Amino acid sequence: MTAPSGCPAATGRWRSLLLVAILALAVSGCGQSREPLHKTQLLAMGTLVNISIWSPDAALAQRAVTAVTQELNDAHERWHAWQPSTLTRLNDELAAGKTATVDDDTRELIQQARELSTASQHLFNPAIGGLIELWGFHSDQRPDTPPPSQQINQLLASAPSLADVQVDGKRVRSTNSAVQLDFGAIAKGYAVDRAMQRLRQMDVRNAIVNAGGDLRAIGRHGERPWRIGIRHPTRSGVLASLETHGDESVFTSGDYERYFEYNDKRYHHIIDPRTGYPARGITSVTVVHSEATTADAAATALFVAGPEKWQAIAKSLGISHVMVVDDTGTVYMTPAMAERIQFETDPAPETVIVSP
Ligand code: AMP
Ligand code: MG
């Protein structure tokens, strides 16, 4: 899913007011509830976030919601790809050949992104912000035409990657002026991990932080596990569901999140760094993994890898649970994922279990 680069224009004062209003509603609901399930919906990172806390302690649930909101808003403000943020300032400095100084979280995010990028053979490549901007996805408006191929080829020739970025303590520099960082494929996962860490520190044991369908779940819903739905990529409603075990993240990348149509062809926001064009062959990829940061980057990487290569990239990323819907609607699953998935459509889609 997209974050923070898929963000609508609910910013600044209006966003703060909206959040306060939603929080106030949610908090008053929590305070009166005797049910141990506390559900809150709010707008953060440009997406609808659902927080579910299973706890008899309503006051704790309120504090938990505040902590999660803080983490997500903080990530949104730091790593927004085009509204003025820590990231846009860093990109300006890198493009000018300067050495930038970053905060601990940004450094940590760059380091994690670098490892995941390398393990994905740079199919997940957060240094291609220039390409994503060229395609018009660094805007609150929907683009309407593909960019000229000459400009795409120019950017491809400069081959920006995180291998060009050097991190020394808090100091960051790039040896390639074409590097433009875009954490849209990983920042939401990172923020969800941070939020979950805060909840654990507060002794919240049973919770889901669900940011626009991408989530991390810990513990249980009382006597039963949490059950979560995976969106159908081409229809409204749910394609499948699964129960989470212990502490798991479920992230989906899909071509339906941000796109435009031109001459009857869909151009979406997940760009193949090998071609400079939207990745082809897959409609959605769902990954289950312990950490949200990895699950987020991996879902994007496997989407880019396409029908031929996703298994190899999943292996090098250490991901065992994958569900892929290809552009004909056929569902491919690893055996580990097949054991967990329950289809919610009638009839169930054509399914292929891919041997490891
Ligand atoms: P996701 O929805 O998690 O797959 O992330 C998609 C977002 O990540 C896009 O909106 C872009 O901001 C960014 N992005 C697109 N293609 C790539 C790529 N190949 N590698 C890394 N980030 C990408
Ligand atoms: Mg992602």
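The structure this text deals with has already been given above.
Numbering of residues starts from 1 in every chain and runs along the sequence as written. Note on labels: chains are lettered from A, ligands numbered from 1, in written order. Only residues with pLDDT of at least 70 get local features here, since the model is predicted, and only at 80 or more are side-chain atom pairs given and counted; chain-wide, interface and lining totals rely on the full set of residues. As a convention, hydrogens and water are excluded, and side-chain values are obtained from all of the structure's heavy atoms.

Q: How would you sum up the environment of P56? Please name residues and give values.
A: Helix and strand assignments follow DSSP, with helices taken as H or I runs no shorter than four residues and strands as E runs no shorter than two, numbered in order from the N terminus. Structurally, P56 is set in the loop between β2 (47-54) and α2 (58-79). Buried means the residue's accessible area, taken with a 1.4 Å probe over protein chains only, is under 20% of the maximum for its type, while exposed means over 50%, and partly exposed covers the values in between. Residue classification places P56 among the exposed positions, given a relative accessible area of 81%. A C-alpha to C-alpha distance of 4.6 Å links P56 and P36, two positions 20 residues apart in sequence.

Q: Kindly report on the sheet that holds strand β6 (residues 207-211), identifying the contributing residues and their values.
A: Should DSSP find at least two bridges between two strands, the strands are regarded as paired. Taken together, the nine strands give an open sheet; going across it, the order is β1-β2-β6-β7-β10-β13-β14-β15-β17, and neighbouring strands pair in mixed fashion. Two strands close off the open sheet at either side, each with one partner strand: β1 (37-44) and β17 (351-353). Strand-to-strand twist in this sheet, taken as the mean axis angle between neighbours without regard to direction, amounts to 10 degrees. As defined by bridge partners, β1 adjoins β2 across eight bridges and the pair is classed as antiparallel. When the bridges of β2 are listed, L42 appears paired with V49. Sheet contacts for α2: β1, β2 and β6; angle to β1, the most-contacted strand, approximately 20 degrees. Two residues form a contact once any of their heavy atoms are found within 4.5 Å. Convention adopted: a line fitted to C-alpha atoms gives each axis, helices being fitted over their contacting stretch, and angles between N-to-C directions are expressed from 0 to 180 degrees. Lying over the sheet, helix α7 (residues 187-201) contacts β2, β6, β7 (214-218) and β10 (247-254), oriented at roughly 155 degrees with respect to β6.

Q: Residues and numbers for the coordination of the magnesium ion (ligand 2), please.
A: Working reference: metal with six octahedral donors, ideal angles 90 or 180 degrees; metal with four tetrahedral donors, ideal angle 109.5 degrees. Donor selection uses N, O and S atoms within 2.8 Å of the metal (3.2 Å for Na, K and Ca). Since no water is included, sites may look incomplete. Binding of the magnesium ion (ligand 2) to the protein goes through A185 (O), D296 (O), D296 (OD) and T300 (OG1), at separations of 2.1 to 2.5 Å. Spacing between the donor residues of the magnesium ion (ligand 2) along their common chain follows A-x110-D-x3-T. With A185 in the loop between β5 (171-174) and α7 and T300 in helix α8 (residues 292-317), the pair connects residues that are 115 residues apart, well separated along the chain. Per residue, the accessibility class of A185 equals that of T300, and both read buried.

Q: So what about the environment of D164? Which residues, and what values?
A: With respect to the helices and strands, the residue D164 is situated in the loop between α6 (149-158) and β4 (165-168). Separated by ten residues in the primary sequence, D164 and S174 place their C-alpha atoms 5.5 Å from one another. Among residues more than four places away in sequence, those in contact with D164 are A159, R173, S174, T175, N176 and V179.

Q: If you had to explain the packing of aromatic side chains to someone new, which residues and values would you point to?
A: Whether two aromatic rings pair depends on their centres lying within 6.5 Å, for rings of Phe, Tyr and Trp, where Trp uses its six-membered ring; planes under 30 degrees apart make the pair stacked, over 60 edge-to-face, and the rest tilted. According to the stated counting rule, one finds six aromatic pairs in the structure shown. Taking 5.5 Å as the distance between ring centres and 80 degrees as the angle between the ring planes, the aromatic pair formed by W79 and Y190 counts as edge-to-face. In this pair, W79 sits in helix α2 while Y190 sits in helix α7, placing the two residues 111 residues apart along the sequence. For the pair shown, W79 and Y190 are each scored as buried. On the basis of an interplanar angle of 35 degrees and a centroid distance of 6.4 Å, the ring pair of W135 and F260 is categorised as tilted. One end of the pair, W135, is in the loop between α5 (129-134) and α6; the other, F260, is in strand β11 (residues 259-262), and 125 residues separate them in sequence. Just as W135 is buried, F260 falls in that class too.

Q: Which residues make up the nonpolar core, and what values do they have?
A: Soluble, globular proteins show a tendency: their nonpolar side chains are buried together. What is meant by a nonpolar core is a set of buried Ala, Val, Leu, Ile, Met, Phe, Trp, Tyr and Cys residues, joined one to another through side-chain atoms within 4.5 Å. L90, L181, F183, L199 and L302 are the most contacted members of the largest nonpolar core, which totals 71 residues. Excluding anything up to four places from it in sequence, L181 contacts L87, L90, N91, L94, I110, P126, A127 and L162. Listed in part, the 18 residues of the second largest apolar core include A240, V250, I341 and F343.

Q: Give me the packing of helix α4 (residues 104-119) against α8: which residues, what numbers.
A: Between α4 and α8, the least distance of the axes is 9 Å, while the angle of their chain directions is 10 degrees. Taken as axis vectors, α4 and α8 run roughly parallel relative to one another. Contact with α4, carried on its side by Q112, L116 and A119, involves T293, T294, A297, S316 and L317 of α8 and no other residues of that element. Each residue belonging to the contact of α4 with α8 can be placed in one class, and the counts come to four nonpolar, four polar and no charged. Under this scheme an angle from 65 to 115 degrees is roughly perpendicular, one under 35 degrees roughly parallel, and one over 145 degrees roughly antiparallel; angles in between are oblique. Three residue categories are used. Nonpolar comprises Ala, Val, Leu, Ile, Met, Phe, Trp, Tyr, Cys and Pro, charged comprises Asp, Glu, Lys and Arg, and polar comprises the others, including Gly.

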